[in-house]
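# Fold and geometry: a report
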Amino acid sequence: MLIDLSELLSTEHKKQEYKVPVEMDTFNGSNGEYKFVRKEPVELYIENTGNKDLLIKASIHVSLNIPCDRCLEDVKNDFDIEVSKKLDIGKSFSELEDRDEFSFIEGSELDVDKMVYNEILVNLPMKVLCSENCKGICNRCGANLNTQTCDCDKTELDPRMSKILDVFNNFKEV
Ligand SMILES: [Zn+2]
Ligand SMILES: [Zn+2]
């Protein structure tokens, strides 16, 4: 949802509260799309402080299903983020638009979904594991080793294979 900031921008000491639903259903992460499994309305507080600053506060409470790095099972990740930013409105908007931090503001409109997206992006965990001792998936047959066992040979290189390689190497030397 877009919030029109024009009145807030032009009226000193004006303040406004909003409760805005998150409209996107999936988050486009670097490894694919993650599904939202919790979306609480974003609570926004915006105030023109009178010092050429626009104070933007937001409470974001959402959860995403992100696949485990090892076994690819969905893991629920909670994002409870408190945002507090001061936008310098003494500057022109073209100057501000260059700043990543405020890329969710276009012209005199605030894009709530874009703000939520940016905040999740900087708060994404480096590593997602369903549990510390996740066994992952077998890289030969694809079985989830947390719930299944398989008979695949787990050694990096089959010892019989390395013998054959030795034979090949000996041939080269002849
Ligand atoms: Zn896992
Ligand atoms: Zn296997």
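A quick note: this is a predicted structure, and the numbers were derived from the prediction, not measured. (Residues numbered from 1 in each chain as written. Chains lettered and ligands numbered in written order. Predicted model: local features only at pLDDT ≥ 70, side-chain atom pairs only at ≥ 80, totals over all residues. Heavy atoms only, no water.)

### Some thoughts on the coordination of the zinc ion (ligand 1)
The coordination sphere of the zinc ion (ligand 1) contains the protein donors Cys68 (SG), Cys71 (SG), Cys130 (SG) and Cys134 (SG), at a distance range of 2.3 to 2.4 Å. For the zinc ion (ligand 1), the four donor atoms in the first shell make angles of 104 to 117° at the metal, so the coordination geometry reads as tetrahedral. Mapping the donors of the zinc ion (ligand 1) onto the primary sequence yields the spacing C-x2-C-x58-C-x3-C. Taken together, the residues span a long stretch of sequence, with Cys71 in the loop between strand 6 (53–67) and strand 7 (74–88) and Cys130 in the loop between helix 3 (112–123) and helix 4 (159–173) at a distance of 59 residues. What makes Cys71 buried here is its relative accessible area of 5%. (Donors = N, O, S within 2.8 Å, 3.2 Å for Na, K, Ca; no water. Tetrahedral: all angles 85-135°; square planar, octahedral: opposite > 155°, others 65-115°. Helix = DSSP H or I, 4+ residues; strand = E, 2+ residues; numbered from the N terminus. Buried < 20%, exposed > 50% of the residue type's maximum accessible area, 1.4 Å probe, protein only.)

### A look at the packing of aromatic side chains
The full count for this structure, using the stated rule, is three aromatic pairs. Here the aromatic rings of Phe27 and Tyr34 are separated by 6.2 Å at their centres, their planes lie at 10°, and the arrangement is stacked. Taken individually, Phe27 and Tyr34 each receive the classification buried, so the pair is uniform in this respect. Ring geometry for Phe27 versus Tyr117: centroids 4.5 Å apart, planes at 20°, classification stacked. Remark: Tyr117 occurs in helix 3 and Phe27 occurs in strand 3 (residues 26–29); sequence separation between them is 90 residues. By relative accessible area, which is 26% here, Tyr117 ends up partly exposed. Put simply, the rings of Phe27, Tyr34 and Tyr117 pair up and form one aromatic cluster. (Phe/Tyr/Trp six-rings, centres within 6.5 Å; stacked < 30°, edge-to-face > 60°.)

### What to know about the coordination of the zinc ion (ligand 2)
Coordination of the zinc ion (ligand 2) by the protein involves Cys138 (SG), Cys141 (SG), Cys150 (SG) and Cys152 (SG), with metal-donor separations of 2.3 to 2.4 Å. Around the zinc ion (ligand 2), the four donor atoms sit at angles spanning 106 to 111°, and that spread fits a shape best called tetrahedral. Spacing between the donor residues of the zinc ion (ligand 2) along the chain follows C-x2-C-x8-C-x1-C. Placement of the pair is Cys141 in the loop between helix 3 and helix 4 and Cys152 in the loop between helix 3 and helix 4, with a sequence separation of 11 residues. According to the relative accessible area criterion, Cys141 is partly exposed, its value standing at 45%.

### Topic: the layout of surface pockets
Of the pockets and cavities examined, the largest pocket occupies roughly 190 Å³. Every residue along the wall of the largest pocket is listed here: Ser30, Asn31, Tyr34, Ile66, Pro67, Asp69, Leu124, Pro125, Met126, Lys127 and Val128. (1 Å grid on protein atoms, 1.4 Å probe; cavity = no way out; pocket = protein on both sides within 12 Å on 5 of 7 lines; lining within 4 Å. Points joined across faces, edges and corners; volume = space filled by probe spheres on them.)

### Looking at the nonpolar core
In terms of nonpolar packing, the biggest core is built from 39 residues, with Leu5, Val42, Leu44 and Leu110 touching the most fellow members. Counting only elements with at least two residues in this core, the list comes to helix 1 (6–10), strand 4 (32–39), strand 5 (42–48), strand 6, strand 7 and helix 3. Counting residues per element, this core draws most heavily on strand 6, which supplies seven residues. Filtering out sequence-adjacent residues up to four positions away, Leu110 remains in contact with Met1, Leu2, Ile3, Leu5, Leu44, Ile46, Ile56, Phe104 and Ile105. (Core = buried A, V, L, I, M, F, W, Y, C linked by side-chain atoms within 4.5 Å. Contact = heavy atoms within 4.5 Å.)

### Quick notes on the pairing of strand 7
Relative to strand 7, strand 6 runs antiparallel, the two being bridged by 15 bridges. Residue pairing in the sheet places Val62 in a bridge with Phe79 of strand 7. Here strand 6 hands over to strand 7 after six residues, with Leu72 in that stretch at a positive phi of 70°. (Pairing = 2+ DSSP bridges.)

### Brief notes about helix 3
With 12 residues, helix 3 extends 17 Å from end C-alpha to end C-alpha; this agrees with the ideal 16 Å at 1.5 Å per step. Within helix 3, the full set of buried residues consists of Val112, Asp113, Met115, Val116, Asn118, Glu119 and Ile120. Where helix 3 begins, the capping side chain belongs to Asp111, and its oxygen is found 3.2 Å from the backbone nitrogen of Asp113. (Expected span 1.5 Å × (residues − 1). Polar contact = N/O pair within 3.5 Å; in protein donor to acceptor, adjacent residues only side chain to side chain.)

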